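Residues per chain are reported as follows:
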Amino acid sequence: LVMKKFFPIVLFLFLFITSAHAQTPTWSDDVATIIYNNCSNCHRDGGIGPFSLMSYEEAVSNSAGIQSQVESKLMPPWKPDPTYTHFKDERQLTESEISTIAAWVYGDTPLGDPGTAPPAPVFPTGSQLTSIDKSLVTPDYTIPGEEDHYRTFVIESGFTTEEFLNKIEYLPGNGSIVHHIVLFYDPTSFSLNKDLGDPLPGYESFGLGPLNSASVIIGAWAPGSSIFSLPSNMGIRIPPGADFGVEMH
C-alpha cells in the first residue's frame, strides 16, 4: 500500500520536471526571432545601441541586461501607454515575447539546434524609397564633445506652390550618435535667419523643435523607426516658400 502511494508521486514529479525542462525556450527556436525583429536594428555595428545583438554569443553576453530591460518595458523604447490607445508602427514586445526571453535567461540561455536558428538580419544602407521627389541634405557638422548636443539646420524648400508630403524617410549620417530628429517647416524667415546668424552650420537649439510659434512640426525620427507614410490620398501640406528645419539630438 505504501509503494502504491509512493510510485505515482515519483512518476508525477519526474514527468513535471521533464515537461518543464522541455518547455525552456531556446535561442534557435524562440528567442532569436524576437531579438532580430525588435532589437538588432539599433543593437548592431553603426547603430545607436551600446552593444551588438547580432548573434547568439552576443545575446548570451548581455542576457541579464536584456531580461531586465524587457521585463521593465524600458526596451524597446516606447512611451505611449498601450492600455489607453495604439499607434501606427508602435514598437512593443508582447507579454508572450517578454515571458519567452525571461524563461530563456532563467533556463541558462540554451542555444537549441543551430540548424533551426534564423540568420542574422541584413540591414540595407541608403534610401529604401522607390521614388524620391525631394531630398533635404543637412550640412556636415562635427559634434564638439560627448555631452548632449542639439542643433537645428534650416534648408530652403524652393517650393513656389503648396506641396503635400506623403512619405518621409530619415537617413542619419552617423547612426551611432544621432538620438532623434525633429522635422518642421517654417513659413516665416525666423528659423532661416537664426541659422544665417550663427557662424557654424545651423543654430543651437534645446530639443523642443522650432523656436517660433509659426513653425509646424511635421515629423520625427528615433532609432528603429522606418519610413513614415500616409495613405495614398493623404499628405502633409507645406505652404509655398516655407523653409524646412531639421533638429538633431
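Residues numbered from 1 in each chain as written. Predicted model: local features only at pLDDT ≥ 70, side-chain atom pairs only at ≥ 80, totals over all residues. Heavy atoms only, no water.

**Q** Teacher, can you tell me more about the pairing of strand β9 (residues 243–248) here?
**A** The side chains of a regular strand alternate, first on one face of the sheet and then on the other. The element β9 is extensively covered by neighbouring structure, given that five of its six residues are classed as buried. Taken together, the six bridges between strand β1 (residues 151–156) and β9 define a ladder with antiparallel strand orientation. Paired with Arg-151 across the bridge in β9 is Met-248. Where strand β4 (residues 181–186) and β9 come together, six bridges link them in antiparallel fashion. Bridge pairing in β9 places Tyr-185 opposite Phe-244. (Buried < 20%, exposed > 50% of the residue type's maximum accessible area, 1.4 Å probe, protein only. Helix = DSSP H or I, 4+ residues; strand = E, 2+ residues; numbered from the N terminus. Pairing = 2+ DSSP bridges.)

**Q** Any chance you could explain a nonpolar patch on the surface here in plain terms?
**A** Where nonpolar side chains cluster on the molecular surface, the patch consists of Phe-190, Phe-206, Leu-208 and Leu-211 and spans about 420 Å² of accessible area. For Phe-190, the location among the structural elements is in helix α6 (residues 190–196). (Patch = residues over 30% accessible without salt bridge, like charges linked within 9 Å, V, L, I, M, F, W, Y side chains within 5 Å. Areas by Shrake-Rupley, 256 points an atom, 1.4 Å probe, with all protein chains shown as cover. Salt bridge = Lys/Arg side-chain N within 4 Å of Asp/Glu carboxyl O.)

**Q** Would you mind showing me how to read the side chain of Thr-109 here?
**A** Along the chain, Thr-109 falls in the loop between α5 (95–106) and β1. Judged by relative accessible area, which is 10%, Thr-109 ranks as buried.

**Q** What should I look at first to understand the packing of aromatic side chains in this one?
**A** Both the distance between ring centres and the angle between the ring planes are used here to describe each pair of aromatic rings. One pass over the structure, following the stated rule, counts six aromatic pairs. On the basis of an interplanar angle of 90° and a centroid distance of 5.6 Å, the ring pair of Trp-27 and Tyr-36 is categorised as edge-to-face. With relative accessibility at 10%, the residue Tyr-36 sits in the buried group. Among the aromatic residues, ring-to-ring pairing joins Trp-27, Tyr-36, Tyr-56 and Trp-104 into one connected group. (Phe/Tyr/Trp six-rings, centres within 6.5 Å; stacked < 30°, edge-to-face > 60°.)

**Q** Which parts of the structure should I look at to understand the packing of helix α4 (residues 63–71) against α5?
**A** If you want to describe how two helices pack, look at the angle between their axes and the distance between the axes. For the pair α4 and α5, the least separation of the axes is 9 Å and the interaxial angle reads 150°. With respect to α5, the axis of α4 lies roughly antiparallel. Of the two possible hands of crossing, α4 and α5 adopt the one that is left-handed. On the side of α4, the interface is formed by Ser-63, Ile-66, Gln-67, Val-70 and Glu-71, while α5 contributes Ile-98, Ile-101, Ala-102, Trp-104, Val-105 and Tyr-106. In terms of residue class, the contact of α4 with α5 is built from eight nonpolar, two polar and one charged. (Axes fitted to C-alpha atoms, helices over the stretch in contact; angles between N-to-C directions. Parallel < 35°, antiparallel > 145°, perpendicular 65-115°, else oblique. Left-handed = near helix turned anticlockwise from the far one by under 90°. Contact = heavy atoms within 4.5 Å. Nonpolar A, V, L, I, M, F, W, Y, C, P; charged D, E, K, R; others polar.)

**Q** Sorry if this is basic, but what is going on with the environment of Val-216 here?
**A** Among the secondary structure elements, Val-216 is positioned in strand β6 (residues 216–221). Looking at Val-216, the relative accessible area reads 34%, which means it is partly exposed. In the structure, Val-216 is positioned 33 residues away from Leu-183 in sequence and 8.7 Å away in space, judged by C-alpha atoms. In contact with Val-216, not counting residues within four places along its chain, are Leu-183, Phe-184 and Tyr-185.

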